[in-house]
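Here's the letter readout for the chains.
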Amino acid sequence: LPRYFVGVLDKDSGQMEVYNAEIFNMQPLLSGRKILCLTPAPESQHARPMHSTIDCLVADSMSSVQQCVLICFSLAQMDLCIEAFGTSKQKRALNSRRLNAVGNDILNTAVTKAAANVIDAKGVTALIQDVAQDDVQNISIFLPPCNEDADKPENVYKFEDILSPAEYEALRAPAAVFVNITPEEITKKTEDKSHCSFVLEELKFLPADEKSRDHKARCLWFLDTLIKFSYLKVIKKKHPMGPECPHIISRKLMKNFTSLTYNNGSVQNLISLSMKAKITAYVIALALHINNFQTDLTVLQNDMKLQESRMMDIAKAMRLKVSKAKGLPGLENDQNHKLGTLSLPLPVQKASGNQPKRKKMN
């Protein structure tokens with residue numbers, strides 16, 4: 001265990017007398033009058049004092065004094081105590097706090113002045129509309145390429161922008177399980193919930209024509225894979241969707257629908273909220289191609305595990321006309337469904353007007 005001493009130097013003789021000492025911690029009490037109490041340090045020297053604690057050495061000549069009180073009349077005097085007796089770490093913290101206080105005051109003044117100038121120039125109503133428009137634009141960044149001058153609905157969101165020819169060809173093998181599926185297998189998959197509700201419902205209505213059946217099966221397999229991929233958060237595996245997923249599709253998912261993040265010294269692929277919105281937009285676009293450009297948004301919303309408001313924001317950003325329908329399959333308790341229809345001419349894109357009403361103040 002360490003021992004502490006106080007040395008008293010005689011300037012005339014040049015000799016020093018050494019006395020045994022005990023260590024004390026000065027801890028501030030900031031209620032009422034500011035009092036610093038000298039109390040014996042804990043037996044365990046492993047316990048580190050607070051950043052505002054000042055360690056003092058008291059000689060044996062003061063050992064009869066059980067408690068010494070030092071009165072400070074302001075926090076400014078506390079800072080002076082730290083300047084005089086504090087450790088290097090405490091002094092650095094004091095300087096940092098003073099600099100931060102000055103910097104915060106300057107920043108707050110500048111921000112307040114800038115905000116006041118913007119409000120005076122544009123007005124509160126215009127600013128609220130700008131925020132709503134920015135939200136729509138942020139979503140639109142993650143939408144599939146949109147051809148506003150299209151002459152047919154199928155050309156607004158082109159199928160080739162969702163699946164390239166090479167990717168479409170790679171889906172032939174994994175989608176074969178859907179091409180040859182039987183009603184009994186669909187019933188079993190429904191019970192097992194091995195696929196999303198949208199896909200399970202559409203499998204009941206596969207076309208009899210071989211080419212059309214194969215096309216729809218490939219689209220449904222990729223749509224189901226997209227939705228399952230959206231459930232992931234941090235991608236840790238090289239092939240997150242399993243070995244049955246073609247390499248070109250795995251690469252597409254990682255490249256187009258994840259964000260790179262740096263964590264614990266390594267780069268990771270993350271499915272952020274913005275990436276989930278992008279996946280949702282591509283799922284809607286693919287569902288439109290599957291269902292002749294009218295699809296049940298509520299079923300897709302449940303499959304994607306999204307709030308209805310979020311789903312509606314994405315659908316409206318994609319220029320869909322949203323209408324209500326009741327009694328469609330896919331939801332419990334015969335809930336109302338929202339249908340999204342892609343038709344020409346496209347609706348004019350505008351900011352949402354569903355702003356919360358402000359409370360009147362008396």
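Since we're looking at a predicted model, the values are computed, not measured.

1. What about the overall build of the chain?
Moving on, step 1. Of regular secondary structure, the chain possesses 13 helices and eleven strands.
Moving on, step 2. Counting over 362 residues, the chain shows a buried share of 35%.
Moving on, step 3. Total accessible area on the chain stands at roughly 23,500 Å², and carbon and sulfur atoms take up 54% of it.

2. What to know about unusual backbone geometry
Moving on, step 1. Across the junction of Leu-344 and Pro-345, the peptide omega takes the value -5 degrees, indicating a cis bond.
Moving on, step 2. Here Pro-345 is to be found in the segment after strand E11 (336-341).
Moving on, step 3. Of note in this structure, Lys-193 is not a glycine but carries a positive phi near 55 degrees.
Moving on, step 4. Positionally, Lys-193 belongs in the loop between helix H7 (183-192) and helix H8 (197-202).
Moving on, step 5. Using a relative accessible area of 71% as the deciding quantity, one classes Lys-193 as exposed.
Moving on, step 6. Positive phi outside glycine occurs at Arg-319, with the angle close to 70 degrees.
Moving on, step 7. For Arg-319, the location among the structural elements is in the loop between helix H13 (308-317) and strand E10 (321-326).
Moving on, step 8. Looking at Arg-319, the relative accessible area reads 11%, which means it is buried.

3. Overview of helix H9 (residues 210-230)
Moving on, step 1. Under the 1.5 Å per step criterion, the end-to-end length of H9 is 31 Å for 21 residues, consistent within 8% with the ideal 30 Å.
Moving on, step 2. Along H9, 15 of the 21 residues are buried, which leaves the element largely enclosed by surrounding structure.
Moving on, step 3. The backbone nitrogen of Lys-211 lies 3.4 Å from a side-chain oxygen of the residue at the head of H9, namely Asp-209.

4. A word on the nonpolar core
Moving on, step 1. Judged by nonpolar contacts, the single largest core of 62 residues is most densely connected at Phe-198, Leu-223, Phe-229, Ile-284 and Met-318.
Moving on, step 2. For this core, the elements supplying multiple residues, two or more each, are helix H4 (159-162), helix H6 (172-179), H8, H9, helix H10 (247-256), helix H11 (273-290), helix H12 (297-304) and H13.
Moving on, step 3. In terms of residues, this core owes the most to one element, H11, which gives twelve residues.
Moving on, step 4. If near-sequence neighbours (up to four positions away) are discounted, Phe-198 is found in contact with Leu-220, Leu-223, Ala-287, Ile-290, Asn-291, Thr-295, Val-299, Leu-300 and Asp-303.

5. Points about a nonpolar patch on the surface
Moving on, step 1. A cluster of nonpolar side chains, namely Phe-5, Leu-9, Met-16 and Val-18, defines an oily patch on the protein surface of about 410 Å² accessible area.
Moving on, step 2. When contributions to the nonpolar patch are tallied by element, the ones reaching two or more residues are strand E1 (4-9) and strand E2 (16-29).
Moving on, step 3. Tracing the backbone through its elements, the reader meets Met-16 in strand E2.

6. Some details on the pattern of salt bridges
Moving on, step 1. For the coordinates displayed, the defined rule picks out eleven salt bridges.
Moving on, step 2. A salt bridge links Arg-218 to Glu-169; its shortest N-O distance comes to 4.0 Å. Taken together, the residues span a long stretch of sequence, with Arg-218 in helix H9 and Glu-169 in helix H5 (residues 165-170) at a distance of 49 residues.
Moving on, step 3. Residue classification places Arg-218 among the buried positions, given a relative accessible area of 2%.
Moving on, step 4. Between Glu-308 and Lys-338 there is a salt bridge whose closest N-O contact spans 3.0 Å.

7. Some words on the environment of Glu-244
Moving on, step 1. The residue Glu-244 is located in the loop between strand E6 (234-235) and H10 in this model.
Moving on, step 2. Measuring from C-alpha to C-alpha, the distance between Glu-244 and Ala-173 comes to 8.9 Å, with 71 residues separating the pair along the chain.
Moving on, step 3. Among residues more than four places away in sequence, those in contact with Glu-244 are Pro-174 and Trp-221.

8. Description of the packing of H12 against H13
Moving on, step 1. The contact between H12 and H13 brings their axes to 10 Å, and the two run at 120 degrees. What the angle tells us is that H12 and H13 run oblique. Of the two elements, H12 crosses H13, and the hand of that crossing is right-handed. Within the contact between the two elements, H12 uses Leu-297, Leu-300 and Gln-301 and H13 uses Glu-308, Met-311, Met-312 and Ala-315.
Moving on, step 2. A per-class count over the contact of H12 with H13 returns five nonpolar, one polar and one charged.

9. Digging into the confidence of the model for the chain
Moving on, step 1. Taken as a whole, the chain shows an average pLDDT of 77; of its residues, 67% reach a score of 70 or greater.
Moving on, step 2. This stretch, residues 32-73, has a pLDDT under 50; its non-local contacts, to residues over four places away or in other chains, come to 84 contacts.

10. Some thoughts on the packing of aromatic side chains
Moving on, step 1. Across all of its chains, the model carries two aromatic pairs by this definition.
Moving on, step 2. Aromatic pair Phe-159 and Tyr-168: ring centres 5.8 Å apart, planes at 80 degrees, arrangement edge-to-face.
Moving on, step 3. Here Phe-257 and Tyr-282 contribute two aromatic rings whose centre-to-centre distance is 5.3 Å and whose plane-to-plane angle is 85 degrees, an arrangement assigned as edge-to-face. Linking Phe-257 in the loop between H10 and strand E7 (259-263) with Tyr-282 in helix H11, this pair joins segments that are 25 residues apart in sequence. As far as burial versus exposure is concerned, Phe-257 and Tyr-282 are alike and both buried.
Moving on, step 4. Across from the ring centre of Phe-257, 5.6 Å away, lies the NZ or CZ of Lys-278, which sits over that ring.
Moving on, step 5. The ring of Tyr-231 carries Lys-305 above its face, with NZ or CZ at 4.3 Å from the centroid.

The rules behind each value
- Residues numbered from 1 in each chain as written.
- Predicted model: local features only at pLDDT ≥ 70, side-chain atom pairs only at ≥ 80, totals over all residues.
- Heavy atoms only, no water.
- Helix = DSSP H or I, 4+ residues; strand = E, 2+ residues; numbered from the N terminus.
- Buried < 20%, exposed > 50% of the residue type's maximum accessible area, 1.4 Å probe, protein only.
- Areas by Shrake-Rupley, 256 points an atom, 1.4 Å probe, with all protein chains shown as cover.
- Expected span 1.5 Å × (residues − 1).
- Polar contact = N/O pair within 3.5 Å; in protein donor to acceptor, adjacent residues only side chain to side chain.
- Core = buried A, V, L, I, M, F, W, Y, C linked by side-chain atoms within 4.5 Å.
- Contact = heavy atoms within 4.5 Å.
- Patch = residues over 30% accessible without salt bridge, like charges linked within 9 Å, V, L, I, M, F, W, Y side chains within 5 Å.
- Salt bridge = Lys/Arg side-chain N within 4 Å of Asp/Glu carboxyl O.
- Axes fitted to C-alpha atoms, helices over the stretch in contact; angles between N-to-C directions.
- Parallel < 35°, antiparallel > 145°, perpendicular 65-115°, else oblique.
- Left-handed = near helix turned anticlockwise from the far one by under 90°.
- Nonpolar A, V, L, I, M, F, W, Y, C, P; charged D, E, K, R; others polar.
- pLDDT = per-residue confidence, 0-100.
- Phe/Tyr/Trp six-rings, centres within 6.5 Å; stacked < 30°, edge-to-face > 60°.
- Lys NZ or Arg CZ within 6 Å of the ring centre and 35° of its normal.

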